[in-house]
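Tertiary structure, described
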Amino acid sequence: MKSDAYLIKWLKAKKFDVNEAKEALDKTLVWRKETGADNLPYEDFSKLDKGYPIDFTVRDTSGRPVILIPFNDWNVRRKALEGKVVSDLGRRMDFIEENAAQLTYNLTGDSTSMLIADLNGFSLTKHSCIGCIPLYLNFVRHHELHYPYSFYKLYGINAPAVVLPIIRLVTPLMTESTRDAFHIFGHDREEFGKRLCETIAPENLPFRYGGTKTAKLGKDKMKLLAVN
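Quick look at the structure, then. Residue indices begin from 1 for each chain and proceed along its sequence in written order. pLDDT decides what is reported in this predicted model: residues at 70 or higher carry local features, side-chain atom pairs at 80 or more are listed and counted, and totals for whole chains, interfaces and linings draw on all residues regardless. Only hydrogens and water are set aside; all other atoms, that is, all heavy atoms of the structure, feed into the side-chain values.

Of regular secondary structure, the protein possesses 10 helices and 5 strands. For the radius of gyration, the atom set is restricted to C-alpha positions; the globular benchmark scales as 2.2 Å times the number of residues to the power 0.38. Rg of the C-alpha trace for the protein: 17 Å, near the compact-globule value of 17 Å for 228 residues, within the 12% margin. Reported as C-alpha extents along the three principal axes, the dimensions of the protein are approximately 45 × 40 × 35 Å. Using a 1.4 Å probe on the protein chains alone, a residue whose accessible area is under 20% of its type maximum counts as buried, one over 50% counts as exposed, and one in between counts as partly exposed. Across the 228 residues of the protein, 47% fall into the buried class. Partitioning the contacts of the protein with sequence separation of at least 6, the portion at a separation of at least 24 is 74%. By definition, any uninterrupted DSSP run of H or I lasting at least four residues is a helix, any uninterrupted run of E lasting at least two residues is a strand, and each is numbered from the N terminus. Residues count as neighbours in contact if any of their non-hydrogen atoms are within 4.5 Å of one another.

This is the structure we're talking about:
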């Protein structure tokens, strides 16, 4: 967190207004202390790993992490009914941001990575219920407030029409730089595969994400890679 790259992200987020950047960073440092954000990569998420998987094992051609989220596997409604959308899944999303940032810095000294969400199967009942909405609002707000410029690209692939209202809801919360980095694709695998393989070697990208990697997911499905 003390690297020049990290500090520059805050300056960029505030259009190089030093006072505003310092104020925003100070608020985030308070938030990090209150929430234990530094320890997120080491937190025990074993109860969520199976039902809410994430994959940190893919790298782009520069060696930076590519985070894959098979969002169709996530039953957000279940957590909404338990009243744990923010406490469990919101924390899970903060973990994604924190682990990606630390892992990227450890691997390359860079400060940005890529996130790809597979939205195939995204549905009204499972993902878009009223109780599900806080997850998406919380993710975008935390991204802008505490992790500016952490993803150089954010992709949603296999997106059905039902996801569009959610996108319209969260887009106004995004900064211009996040909106520029954010791209949604439908079910045309050739189209999104071509885009993704511009920065990821096809043999390193799973088939469902447009690459040629065909290793069976089975018991190792979306195996979590934490920072060492």
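So, next bit.
Moving on: the nonpolar core. Side-chain atoms within 4.5 Å link the members of a nonpolar core, which is a set of buried Ala, Val, Leu, Ile, Met, Phe, Trp, Tyr and Cys residues. Counting residues in each nonpolar core, the largest one holds 42 residues, and the members touching the most others are Phe71, Trp74, Val76, Ile96 and Tyr136. For this core, the secondary structure elements donating two or more residues are strand E2 (65–70), helix H5 (85–108), strand E3 (113–118), helix H7 (133–146), strand E4 (151–157) and helix H8 (164–170). Filtering out sequence-adjacent residues up to four positions away, Phe71 remains in contact with Val76, Asp118, Leu119, Phe122, His127, Leu135 and Tyr136. Of all hydrophobic cores here, the second largest spans 13 residues; its members include Val58, Val66, Leu68 and Tyr209.

One non-glycine residue, Tyr149, adopts positive backbone phi at about 55°. If you trace the backbone, Tyr149 turns up in the loop between H7 and E4. Its identity as a non-glycine residue notwithstanding, Asn158 has a phi of 55°, on the positive side. You can see Asn158 is positioned in the loop between E4 and H8.

Among the 6 residues in E3, 6 count as buried, and that is most of the element. Burial along E3 is two-sided: the face carrying Ser113, Leu115 and Ala117 and the face carrying Met114, Ile116 and Asp118 are both buried. Summarising the sheet, E2 and E3 pair through 5 bridges and their orientation is parallel. Each residue of the ladder has a partner; that of Val66, found in E3, is Met114. The sheet contact formed by E3 and E4 spans 6 bridges and is parallel. Bridged to Asp118 within E4 is Ile157. Only strands joined by at least two bridges in the DSSP assignment are considered to pair.

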